[in-house]
Amino acid sequence: AHELAHVQHKHTLLLLVITALELAFKALIDAPSSPWEYVLQLNNPAWDFLTFWVFNIILFAFLLTFVKMLEGQADKVTREAGFGLDLAESLYRLESFYYGIAGEIGFNTQLMTGKQRSKEENIRFMGDQAFYLYRNLAPSRMTCFMNLIASHPLTSIRIALQIDKSMGAFNTGLMIWMLLIPGLRKRTIRKLQKNHQEFAHILSHKFTDDFGSISSYIDLTYEEQEYKRYLGRH
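Residues numbered from 1 in each chain as written. Predicted model: local features only at pLDDT ≥ 70, side-chain atom pairs only at ≥ 80, totals over all residues. Heavy atoms only, no water.

1. Focus on helix α9 (residues 155-163)
Along α9, eight of the nine residues are buried, which leaves the element largely enclosed by surrounding structure. Within α9 the residues assigned to the buried category are Thr155, Ser156, Ile157, Arg158, Ile159, Ala160, Leu161 and Gln162. Contact partners of the buried residues in α9: α1 (2-8), α4 (49-98), α7 (119-135), α10 (169-178), α11 (182-193) and α12 (196-211). (Buried < 20%, exposed > 50% of the residue type's maximum accessible area, 1.4 Å probe, protein only. Helix = DSSP H or I, 4+ residues; strand = E, 2+ residues; numbered from the N terminus. Contact = heavy atoms within 4.5 Å.)

2. Here's the deal with the side chain of His11
By the secondary structure assignment, His11 is in helix α2 (residues 11-28). Judged by relative accessible area, His11 falls into the buried class, the value being 2%. Every residue in contact with His11, bar those within four places of it in the chain, is listed here: Ala5, His6, Leu70, Gln73 and Ala74.

3. Topic: the environment of Val39
Tracing the backbone shows Val39 in helix α3 (residues 35-39). Sequence separation of Val39 and Phe49 is ten residues, and the distance between their C-alpha atoms is 9.4 Å.

4. Some words on the confidence of the model for the chain
Looking at the chain, the pLDDT average stands at 88 and 94% of residues meet or exceed 70. The least confident element of the chain is helix α5 (residues 101-105), whose mean pLDDT is 62; the most confident is α1, at 96. (pLDDT = per-residue confidence, 0-100.)

5. Some remarks on the layout of surface pockets
Empty space among the atoms can be located by rolling a probe the size of a water molecule over them. Taken as a whole, the largest pocket holds about 500 Å³ of empty space. If you go around the largest pocket, you meet 19 residues; those closest to its centre are Gly127, Ala130, Phe131, Ile214 and Tyr217. Those elements that place two or more of their residues in the lining of the largest pocket are α7, α12, α13 (215-218) and α14 (223-230). Lining the second largest pocket are 19 residues; nearest its centre among them are Glu95, Tyr99, Pro153, Leu154 and Thr155. For the lining of the second largest pocket, the elements supplying multiple residues, two or more each, are α4, α7, α8 (141-147) and α9. Here the lining of the second largest pocket gets four residues from one element, more than from any other, and that element is α4. Per-class residue counts for the lining of the second largest pocket are ten nonpolar, seven polar and two charged. (1 Å grid on protein atoms, 1.4 Å probe; cavity = no way out; pocket = protein on both sides within 12 Å on 5 of 7 lines; lining within 4 Å. Points joined across faces, edges and corners; volume = space filled by probe spheres on them. Nonpolar A, V, L, I, M, F, W, Y, C, P; charged D, E, K, R; others polar.)

So this is what it looks like as structure tokens:
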């Protein structure tokens, strides 16, 4: 549903326009259009490595804000079509994969070796990622800064979009900036955390649907000790 929404709203064409504008802007200021062109123009003193790197980071952050808006629109259309919960649970599972076995041994290594995840690994990665996603309803500034040059909004924001119908595609694209601006950060976090119980319910439902009781995760990790340490104190 999400990918079909991209097609329906001609997002591929819009991405082509964004790319064309990027190249036109670079041509206008005589900037290398790609890393390859930069490598072939090392004798150009106007573009030392640091200048070229910082310029691209800033430009990507600006352009990818619009790309995030397109992703937000596709997520919103998916929700309005009645597949919001399915998308939220799928995003949760994807995060557990990317930050699980793919993060530990490398995605390409997994493909080359045919490494399969055990049930215990799935339980641990899904449990760990539930903590991470919930915590990212108040993401750190470093997490937000790194997301500036990512094509998709933070997954915690995308799942929150499936819960809060007042969040639109435009706000989804700009939210990462608002989380970095001191005057807007607290207000944006409050908006993300407004429906934290529904957010937690989605994660809990997906985990228990796949693996049963949360005790299967507690038995594999140190979370029970952590839980007992805080019990009765907070």
